[in-house]
Amino acid sequence: RDACMAVVATAGWAAALAYPAASLLALANGANDICNSVGTAVGAGALTMRQALVLGCIAEAIGAVTIGPFVAQSIASGQIHVAAFAGSPRTFVLLMLSSLLGAGISTLLATLYGAPISATHGIVSGIVTVALLSGTHGALDLGGIGFTLL
């Protein structure tokens, strides 16, 4: 718990960067999800584009509010050991920012070009990759990663 608080206490400078990065990922993920969710209904003529966007926005908002915290907790707690970064909280913050930006940009670009992508896979692989590249001993939670993969 103290390690987590140390990370949070020194991360105030990162909030100015984290909010836009998280917003980018949310926008990209929402755009990708809405295309996957209602594309067929619009293509078949069952819904107009306007109807699809309204229904999709409502469904995305309900999903984000009701199960979003559980998904975020699962992703955040099962991939890395935050305590491993207690001695270098700035490294931890930069790793998380890198993961957010990487997942957001790649999801947005893939969506714009019509390529299949999963924002969840992007964020999980980003967190694992930057934790590996950080060289921080004991950063990866191999059991949690194995559980996520199964």
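See the structure printed just above.
Residues numbered from 1 in each chain as written. Predicted model: local features only at pLDDT ≥ 70, side-chain atom pairs only at ≥ 80, totals over all residues. Heavy atoms only, no water.

Q: When you look at the environment of E60 in this model, what are you seeing that I'm missing?
A: Relative to the helices and strands, E60 resides in helix α3 (residues 49-66). Put simply, E60 and N29 are 31 residues apart on the chain and 10.0 Å apart in space, counted from C-alpha to C-alpha. Filtering out sequence-adjacent residues up to four positions away, E60 remains in contact with G30, D33 and I34. (Helix = DSSP H or I, 4+ residues; strand = E, 2+ residues; numbered from the N terminus. Contact = heavy atoms within 4.5 Å.)

Q: What is the right way to read the packing of helix α2 (residues 15-43) against helix α5 (residues 89-112) from this model?
A: Helix-helix packing: each pair is described by the crossing angle between the helix axes and the interaxial distance. Taken N-terminus to C-terminus, the directions of α2 and α5 make an angle of 30°; their axes are 8 Å apart at the nearest point. Compared by their axis directions, α2 and α5 come out roughly parallel. Crossing handedness for the pair α2 and α5: left-handed. Taking contact as the criterion, the partners of L17, A18, A21, A22, L24, L25, A28, N29, A31 and N32 in α2 are, on α5, L97, L100, L101, A103, G104, I105, T107, L108 and T111. (Axes fitted to C-alpha atoms, helices over the stretch in contact; angles between N-to-C directions. Parallel < 35°, antiparallel > 145°, perpendicular 65-115°, else oblique. Left-handed = near helix turned anticlockwise from the far one by under 90°.)

Q: Can you walk me through the nonpolar core in this structure?
A: Where a protein is soluble and globular, its nonpolar side chains tend to be buried together. In terms of nonpolar packing, the biggest core is built from 18 residues, with L25, I80, F85, L100, I123, A131 and L140 touching the most fellow members. Only α2, α5 and α6 (119-134) provide two or more residues apiece to this core. Residue contributions to this core peak at seven residues, all from α6. Beyond its immediate chain neighbours, meaning those up to four positions away, L140 contacts Q79, I80, H81, V128, A131, L132 and I145. (Core = buried A, V, L, I, M, F, W, Y, C linked by side-chain atoms within 4.5 Å. Buried < 20%, exposed > 50% of the residue type's maximum accessible area, 1.4 Å probe, protein only.)

Q: For this particular structure, what's the right way to read the packing of α5 against α6?
A: With their axes 8 Å apart at the nearest point, α5 and α6 run at an angle of 145° to one another. The handedness of the crossing between α5 and α6 is right-handed. Of α6, the residues touching α5 (which contributes T91, L95, M96, S98, S99, L100, A103 and T107) are A119, G122, I123, G126, I127, V130, A131 and S134. When its residues are assigned to classes, the contact of α5 with α6 shows nine nonpolar, seven polar and no charged. (Nonpolar A, V, L, I, M, F, W, Y, C, P; charged D, E, K, R; others polar.)

Q: Looking at this model, I keep getting lost on the side chain of S99. Mind explaining?
A: Looking at the secondary structure, you find S99 in helix α5. Overall, the relative accessible area of 3% leaves S99 in the buried class.

Q: What should I look at first to understand α6 in this one?
A: Residue pairs spaced three or four apart in an α-helix point in one direction, given the helix's 3.6 residues per turn. Along its 16 residues, α6 runs 22 Å from first to last C-alpha, staying within 8% of the 22 Å computed at 1.5 Å per residue. Listing the buried residues of α6 in full gives A119, G122, I123, V124, G126, I127, V128, V130 and A131. Where α6 begins, the capping side chain belongs to S118, and its oxygen is found 3.2 Å from the backbone nitrogen of H121. The first or second residue beyond α6 is G135, which carries a positive phi of 75°. (Expected span 1.5 Å × (residues − 1). Polar contact = N/O pair within 3.5 Å; in protein donor to acceptor, adjacent residues only side chain to side chain.)

Q: Just checking my understanding: could you explain a nonpolar patch on the surface for this structure?
A: A cluster of nonpolar side chains, contributed by L101, I105, L109, L112 and Y113, occupies part of the molecular surface with about 560 Å² of accessible area. Considering the arrangement of structural elements, one finds L109 in helix α5. Overall, the relative accessible area of 42% leaves L109 in the partly exposed class. (Patch = residues over 30% accessible without salt bridge, like charges linked within 9 Å, V, L, I, M, F, W, Y side chains within 5 Å. Areas by Shrake-Rupley, 256 points an atom, 1.4 Å probe, with all protein chains shown as cover. Salt bridge = Lys/Arg side-chain N within 4 Å of Asp/Glu carboxyl O.)

Q: Help me understand the environment of A84 in this model?
A: Mapped onto the elements, A84 comes out in the loop between α4 (68-77) and α5. Looking at A84, the relative accessible area reads 26%, which means it is partly exposed. Separated by 55 residues in sequence, A84 and A139 place their C-alpha atoms 5.3 Å apart. Excluding its chain neighbours within four sequence positions, the residues that come into contact with A84 are T136, H137, G138 and A139.

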